[in-house]
Structure formats: structure tokens, C-alpha cells
Amino acid sequence: MLDVQELELNMGPQHPATHGVLRLILKVDGERIIDAKPVIGYLHRGTEKLFENQTYPMNVPHTDRLDYIAAATNNHSYCGAVEKLLGVEVPRRAKFIRVMLDELQRISSHLVWLATHALDIGAMTPFFYTFRERELILDLFEEYCGARLTLNCMTIGGVPEDLPEGWIEKLKEFIEIFEEKIWDYENLLTDNRIWKKRTIGVGVISPEDAINYGLTGPPLRGSGIKYDVRRAIPYEVYPELDFEIPIGKNGDTYDRYLVRMEEMRQSVKILKQCIEKIPDGEIQAKGLKFIKPKPAEVYFSVEAPKGELGFHIISDGSPKPYRVKVRPPSFINLQALPSMVKGHLIADVVAIIGTLDIVLGEIDR
Amino acid sequence: MNILFLYVIIPAIKGIVILSIVLFLVAYATYIERRVLAFMQARLGPNLAGPQGILQPIADGVKLLAKEDIIPSSSQKFLHFLAPILILVPALVIFGLVPFGDASNLFGLLKNPITLYITDVNVAILLVVGFASLGVYGLILGGWSSNSKYSFIGALRSAAQVVSYEVPQVIAIASVLLLSSSLSLVKIVEAQKEMGLWFIFPGFLAFFIYLVCGIAETNRLPFDLPEAESELVAGYHTEYSGMKFAFFFMGEYANMIVVSSVATVLFLGGWLPPFPSLKIWHSLPQIPVFWFFAKVLLFLFIYIWLRATFPRYRFDQLMDLAWKWLLPLSILNLVLVAFIKWGIK
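The rules behind each value
Residues numbered from 1 in each chain as written. Chains lettered and ligands numbered in written order. Predicted model: local features only at pLDDT ≥ 70, side-chain atom pairs only at ≥ 80, totals over all residues. Heavy atoms only, no water. Helix = DSSP H or I, 4+ residues; strand = E, 2+ residues; numbered from the N terminus. Rg over C-alpha atoms; globule rule 2.2 N^0.38 Å. Buried < 20%, exposed > 50% of the residue type's maximum accessible area, 1.4 Å probe, protein only. Contact = heavy atoms within 4.5 Å. Areas by Shrake-Rupley, 256 points an atom, 1.4 Å probe, with all protein chains shown as cover. Lys, Arg positive; Asp, Glu negative; His and termini not counted. Charge placed at Lys NZ, Arg CZ, Asp CG, Glu CD. Phe/Tyr/Trp six-rings, centres within 6.5 Å; stacked < 30°, edge-to-face > 60°. Lys NZ or Arg CZ within 6 Å of the ring centre and 35° of its normal. Salt bridge = Lys/Arg side-chain N within 4 Å of Asp/Glu carboxyl O. Patch = residues over 30% accessible without salt bridge, like charges linked within 9 Å, V, L, I, M, F, W, Y side chains within 5 Å. Pairing = 2+ DSSP bridges.

(A) Expanded view of the overall build of chain B. From N to C terminus, chain B includes 12 helices and two strands. In terms of C-alpha radius of gyration, chain B reaches 21 Å, essentially the compact-globule figure of 20 Å for 345 residues. The C-alpha extent of chain B, read off along each of the three principal axes, is 60 × 50 × 45 Å. A burial count over chain B gives 51% of its 345 residues as buried. Long-range contacts, defined as pairs at least 24 residues apart, comprise 77% of the intrachain contacts of chain B with a sequence gap of at least 6. Looking at chain B as shown, the accessible area adds up to about 16,000 Å², and 74% of this sits on carbon and sulfur atoms. Counting 22 positive and 18 negative side-chain charges, chain B places the averaged centre of each group 5 Å from the other.

Listed below in C-alpha cells is the structure:
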């Protein structure tokens, strides 16, 4: 008899498709995955500990570095948690600006996801098309707050700047361009036979498993569960806005792809409503010169592009938080990876990493 | 003296000329690919080395020559050295058999017209297929001797892929041989001239199968699994650097040109213009190899176009395609062509 041996394949932390420094220890039988074990921690910077040693406002820029693809939602979640701790009401105009920044960030994050996901599966061109449109979003961010990636675009109690002159017009222009360009990506992928073959039935996760793993965001909605923090625990002005929560049916990679594509369209819809509804007025809540909350414990979460991003803050009455715990969607979504890849081929591993849309910055905080 | 001249010196000159043309084309295929791909992907591509970046391949060559040649300490040194040669050389040998053009006196430079190919063997197509399949040894040895898991998986994939796709490819070629009744590449082109029709028209199915298999054999998207960069880093040539890596790269492009050239000869009438029986071609100026290279470039463009459009197949799907679709289709095609030929007779 032949002596059959399993091959242990070390994928990462330096690997083109592990999106940063994820390391996967794969046990393979030929090309088939028997077992997968994610190893994390290569990007650990001690951010949560750092939070404890700085005052509340000083922590905002550090939240940018968690999910560096989507800094605005990180800022939002942290600032929202501190506001909840203080019991501060954000002015209405600031709420609209926050929602607009969030939705732009959602589009830009989904564009990066689409680019890398398609590139991992071998389609090269969507990468360049999506980055072309993402550039426009980054330009909008740059004009608003001066930064393109690490935005630091929210403060506790509001937003740091009012919208610059002509920004809304530029946003309208972007929406017009983007609504057309989104078809470019769909034309290349949605009905592509090879794309369908590579994604349909790959990395299926049942609704029960999705809930048990605590998945949120598109990986959960792809399995057909309509949970979106924007609707489930509404914050800011989302209750006033009209948008759908797209869900999938089969919980496979293709459904998650469709969910995210539809989410981008819904974000555009939200942006359009914001442009019409945005009022004039204050952008910063009053009386926040020195932030020193009473001893309390809060949890506040927003719907980040990758799922539910929550901040759990414990205050001991000093100007510095006693403990800040981040609930990053990527970290929790990554748990499902081993069970999703089992029995698939090596090529599917990269597709499944792509479809989970993880960012190591928030997995290793 | 005359015999020496006829059988040694002229073929040697032809060999040198064809080799330099082919290597030039290989180098510039990379440039064309990068520029065309950039054009399709809304970016610029290499445009700084020389006007419009046309010196880029030379710059790349100099860079790769100057790079350190890293040999992994746990590798099989001799095989590691041999593999890149095994990839490139068979591909270049095939060009000795490819008819680039008809007999020509090269715009009156020569008194007696010479044939624009090195040699015409009566089993040329067999030799082409044979040499093309030799290339797989380079892939397997390269992947295995590197002693790296990624290289090894890439090598296994390539072995399975190339061997599977050769079967429908050869059957597709066989249907052309039925039409031409000859294995000589020159005779095949002449048969198309007599017929007044390229073989692509009676043999479109065979052409399609040949092209798909050709793309799979040269490891290009959507069949580039042996070197799928997002899964296997770089597949069988992960552990290669410097000029050895360049050999793999040149081997890939030389193989692309081989497949394009053979497809041109078998299906698109080699050096013949479209619909060779038309009178209009006699009134136009005759450039000896114009049509041949135009068709080869068309194929190269199709290669690049496919790369820009398609995602990559998965390994099991690739095997399904070869054995469940292309093989039955090519056998059906062969039977059909045989019946048609029998019916005409």
C-alpha cells in the first residue's frame, strides 16, 4: 500500500491572499482541506490598553487604525459610545454628516472588498475599476477632513468641521458617476460563468451556524437573516431614512457578493436622501470642553461595512476610560472560517477569506 | 561547397534570424501585454523607459540579469538549474518547424527565392506536439526540485493540467489532419490554399477546442492554476529568482507564441491572406510574413483580452472541463469531419 500523508501547508502571514498578516495552518489531502487553523496576532499593537492611558478625545485617532479600510465607522462607534456614556445629544446636522460619511465609507470599503475578492479569484480588472471610483470617495474625504484613510472625522459630540463649500455638489457628481460604474463591475462578474462556478456553493454557512458563530454584517445577511444594526438598534438619523436591507438565500459566497453589491446601491440611496434632508445648524454639542464621565458602563454599536462594530466602555469617573473593549466584526466573522473551508479545495480558501472581508487591523487590536 | 552552403550555412543564418525574431517577440509580448492590459484596466502601464516605454523589456532584462540568483539550500541543485532550460528550449525548438512564410526573394534582395522556414519535416505537427509536451518536465522538475510546498502543489497541478489538455488538443489537431491529409505544416497551409478557405471555417469546433487547450497548456488565465498567485504565491516558480525566473517567464511567452503560431498555421492559413483565392490579393504589395505575424499578434491579443476578463477556474472544474466537455466534443468533431470528408469523396 502507498503511504499517504497529510500535507501541512502554512498559508501566511506573508501570503498574497490573506489580506494582511493572517496566518492559516492548513492540513491538506492533495488539494482538499482537512483542517484549517487561523493564527492571529501578527498585527497586535495593544490598542485597547492604549485607550486606557489616554483621555477620551485623544482616543479618537487611534480608532482609525482598527479597521483602516473604514475609519469613519470606527470613529462613529467610539464617539457614539462616549456620547452614550455622557448622555449627550448630537446636533441634527452633525448626525446627517456622520451618516453621509458612514455610507461613503461603506461604499469605499465594499469597493476594496470587491477588488481584492475578485483579484483572489483571478479576475484582475475589477480591481482597477473599483479603485478608480474609490479614489473619488477618498477625494471627498480629503476635502472634508484632510485625510484620506485615517480620517479622524468625528469628535465626541459631533463632527470637527462643517461641510466645505461645494462638497455636496461634488458628492452629487460622485453619486451620478458611481451609479453608472457599478454596472461595470456587475457586467464583469455577476453573470460570468467562471465567477459563478467559483462562488456558488462555496463556503456555505447555514442561518443557525451564522447566528451561533455570532456573525454580523454581510456574512450573516448572506445566510438570509435580516439583521442590520442600522435597523435593529437604530442610531443617528437612520430611522428617518428609507433603505432596504438586502439578504441572501443560500449563504454561499455568491449570495454574499450579491448582498454587498446591493448594499452599495442602498448606500447611494441613503446618500441621496441625506443630501435632500440635511438641515443647517450646529455641528457640535455644547458643554464638552472637558470630558469626565460618571462611573458607568456602556455598549454602543454601529453597522460598519464588515458587520456590527461595538465599543464597550467602562468609566471609573476619571478623564481616562477604565477599560475599552472593541467588538470588531472581522474578529468574530473569522471564527467561522475553519468550518467554512473544511472539505473545500485550496483555491476556495482564498475565495472564503475574501468573502468574509476581514481586516487584520481590527482582528489584532 | 554548394551542398555546405545549402545545408549548413543557409539554415544557420535562418536559425539565427528566426531565433532573434522570436526572442524579440517574446520580450515585446510582455510589453504588449502590459500596455494592452493597462489600456483595458484604465491605467497607463509602462511608459517611462524610452518613448512610450518601448525600452521596458530591455530594462527588465538588464534588471533580471543583475539580480542575485537565489538557490534554496534544500533544493535539488542540478534539477533546479535544469528546469528553466527545459521550459524555454523546447518552445524555441518548435520555431524551427513553423513556416513563417512562403518562398520569397525578400523584395528582390536575393536572386533565388528562399523558403521562410528552417525546415519542413513530413511529421512536423507530431514533433510540435511532442516538443510542446516536453515543457511540462520543466514545470514538474522546477516545482519538485525547489523543495517548497507551494511549488510542489503548483507542479502537481501543472502536470495534471497539461497532460489532460493535450488529449483533446491532439484530437482537435487530428481533424485538421483529416482535412489536409498531411502532417507537414507547409502542406497544411498549401492544402488551405488549394481549398481557397481557411480551415477555421470547416473546423471551427476544432479551432475552439485547440485554442482553449492551448491557453490551458500555456498556463494562462483563466487556466493559470499552476501559478495562481493568490493561492500558490507563484506556483512552480516560487523559489526562482533572477535570470532563471526570466527563463520561466520567457518560456511562458514563447509557449504562447508557439500556440498562436500553430493555431495560425492549422486554422488561419499560415502566411495566406483571408480567402486566399480572391484576386484582390495579387494586386496588393506582397510582404512575405505580414499575414503570419498579424495573425499571431491577434492571438496574443486574445490571450491578453481573456486575462483581463475572466476569473480563474478551480482545479476540479478545470479537470471537468477537459475530460467531460472538451474530450467528448473533440471526438465528436473528429467523427463529424471524417464523415464529411468521406461524404465529399
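(B) View of the packing of aromatic side chains. All chains considered together, the criterion is met by 30 aromatic pairs over all chains. Seen from their ring centres, Y235 of chain A and F300 of chain A are 6.0 Å apart, and the 75° between their planes marks the pair as edge-to-face. Pair noted here: Y235 of chain A is in the loop between α10 (229-232) and α11 (253-277) and F300 of chain A is in strand β4 (residues 296-304), with a separation of 65 residues, a long-range link. Aromatic pair F249 of chain B and Y253 of chain B: ring centres 5.2 Å apart, planes at 50°, arrangement tilted. Of this pair, F249 of chain B and Y253 of chain B both sit in helix α9 (residues 242-267), four residues apart, roughly one helical turn. Ring pairing ties together the aromatic residues F204, F207, Y210, F267 and F299 of chain B, which thus form one cluster. Against the face of F243 of chain A rests R231 of chain A, its NZ or CZ located 4.0 Å from the ring centre.

(C) The arrangement of the pattern of salt bridges in detail. All names here are of chain A. The full count for this structure, using the stated rule, is 36 salt bridges over all chains. The partner of E83 in a salt bridge is R98, and the shortest N-O contact between them spans 2.6 Å. Taken together, the positions of E83 in helix α3 (residues 71-86) and R98 in helix α4 (residues 92-121) put the pair 15 residues apart, joining distant regions of the chain. Look at the salt bridges and you will find they share partners, linking E103, R106, R221, D228, R230, E263 and E303 into a network.

(D) Seen up close, a nonpolar patch on the surface. Residues and elements named next belong to chain B. Taken together, the side chains of I3, L4, F5, L6, Y7, V8, I9, I13, V17 and I21 define a hydrophobic patch exposed on the protein surface, amounting to about 940 Å² of accessible area. Position of L6 among the secondary structure elements: in helix α1 (residues 2-40). Classification of L6 as partly exposed rests on a relative accessible area of 48%.

(E) Highlighting the pairing of strand β6 (residues 321-327) of chain A. All names here are of chain A. Here strand β5 (residues 307-315) runs beside β6; their pairing, made up of six bridges, is antiparallel. Across the sheet, the residue bridging to S315 is P321, located in β6. Counting the residues in the hairpin turn of β5 and β6 gives five residues, including G317, whose phi is positive at 90°.

(F) Representation of the pairing of β5 of chain A in the model. Residue and element names in this part refer to chain A. Counting buried positions along β5 yields seven of nine residues, so the element is predominantly enclosed. The pairing of β4 with β5 spans nine bridges and is antiparallel. Paired with A296 across the two strands is S315, which belongs to β5.

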